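Close look at the chain arrangement
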Amino acid sequence: MELPTELRQAVEQLLDKVPLATLKQASRTLSDRYRAEIRDGRLHMGDDIAARAYLATRLPATYAAVRTSLGVLADTQPDFAPRTMLDIGAGPGTVLWAAADLWSSIDSATLLEASNAARKVGQTLAANMNTPPQIRWQGGDVTIDLADMPAADLVTMAYVMDEIAPASLPRLIERLWQLTADTLLVVEPGTPAGWRRILDARAKLIALGAFVAAPCPHHAPCPLVSPDWCHFSRRVARSRLHRLAKEADVPWEDEKFIYLAASRTPQAARHARVLAPPKAGSGKVALKLCQPDGVVTERLFTKRDGEAFKVARRLDWGDALDLESA
């Protein structure tokens, strides 16, 4: 997956005058914070250089994870056409770009972001959107400044829970659901800790009356047991500057992520979800499936299964499978 052309060009313009050595150092610091999930009260994009380092090193991967999650949501709810959007912890507007790429119906968006530097960068990037919605940027702490936020059809929060003290998360999830007119999407790093945070948010939302839209095909407790965990992956194309900033050799990276989409409307059909890379062999493919009955199983498809085999061998990690037609 690559960034939209307008976004990629806007990023390149913002990074054009930043010395490479400065960008490398800021990128290392940012990457270390993400890997360690540091919660020290310091904003990871607190200054201009840090915000620009995010553009070089994290924006492509975050965009890919969010865009993939939103794409699954759109497939699950084909009639969903949000007109309003609220993004919590918006950074430079990554989620807005992904949502706008998918839904032209969005005509207004409120973006809450505590970092002045990130908001400034986000405003510069948004000026390059072909047909931008009406955008309201607002500063504030996601844990205490949601009282006056407007409700929206689509509420999103990506890569934010790992920066918040665990004790504050249940109330935050409850408030986000109060602000959700239709659908809520939460995205986290695809680590065991990220999965556990998503599980806690899932349990809280179900208790509040939400319907899980994706990726789970059921509302039962997660059947996976540690050390296994639910997560997905998206391959991300690296630009030349991306490779230089991260001192990387290969032209791509794999972003591991986990997400949860919750809706106020129950789903008409529940399809199994592929939970791992398919294991393909000569004339066969094995899929690890999370099923609508709340059970995880590995199912083998062979050429003798005819059309079901043809469908199965086209599936990838994270895809849905209609078991009734398989």
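Residues numbered from 1 in each chain as written. Predicted model: local features only at pLDDT ≥ 70, side-chain atom pairs only at ≥ 80, totals over all residues. Heavy atoms only, no water.

Examining the layout of surface pockets
Inclusion rule: A pocket, in this scheme, is an open set of points on a 1 Å grid over the protein atoms alone with protein on both sides within 12 Å along at least 5 of 7 lines, while a cavity is a set where a 1.4 Å probe fits but cannot get out; residues line either one if an atom lies within 4 Å of a point. Grid points are joined across faces, edges and corners, and a volume is the space filled by probe spheres set on the points. By the criteria applied, helices consist of DSSP H or I runs no shorter than four residues and strands consist of E runs no shorter than two, each listed in order from the N terminus. Charged means Asp, Glu, Lys or Arg here, nonpolar means Ala, Val, Leu, Ile, Met, Phe, Trp, Tyr, Cys or Pro, and polar covers whatever is left, Gly included.
By volume, the largest pocket amounts to about 770 Å³. For the largest pocket, the lining is made up of 37 residues, of which Gly71, Val72, Asp75, Thr76 and Arg273 are closest to its centre. Residue assignment for the lining of the largest pocket shows that the elements contributing at least two residues are α4 (59–76), β7 (232–237) and β8 (252–263). With five residues, α4 is the largest single contributor of residues to the lining of the largest pocket. Along the lines of polarity and charge, the residues of the lining of the largest pocket split into 17 nonpolar, ten polar and ten charged.

Quick word on the side chain of Glu188
Heads up, the condition is: Here's how the labels work: a residue is buried when its accessible area is under 20% of the maximum for its type, exposed when over 50%, partly exposed in between, all with a 1.4 Å probe on protein chains only. Here a polar contact is taken to be a pair of N or O atoms separated by no more than 3.5 Å, where protein atoms must pair a possible hydrogen donor with a possible acceptor and residues adjacent in sequence count only if both atoms sit in side chains. Any pair of residues with heavy atoms lying within 4.5 Å of one another is described as a contacting pair.
Structurally, the position occupied by Glu188 is in strand β5 (residues 180–189). In this structure Glu188 comes out as buried when scored by relative accessible area, which is 0%. From its side chain, Glu188 meets the backbone nitrogen of Met161 in a polar contact 3.0 Å long. Side chain to side chain, Glu188 and Arg197 meet in a polar contact 2.7 Å long. Among residues more than four places away in sequence, those in contact with Glu188 are Tyr159, Val160, Met161, Asp162, Gly194, Arg197, Ile198, Phe257 and Ile258.

Regarding unusual backbone geometry
Backbone torsion omega between Ala214 and Pro215 reads -5°, so that peptide bond is classified as cis. Along the chain, Pro215 turns up in the loop between β6 (211–214) and β7. With an omega of 20°, the peptide bond running from Ser226 to Pro227 counts as cis. By secondary structure assignment, the location of Pro227 is in the loop between β6 and β7. Residue Tyr159 is not a glycine yet carries a positive backbone phi of 55°. Locating Tyr159 in the fold gives a position in the loop between β4 (152–158) and α7 (169–178).

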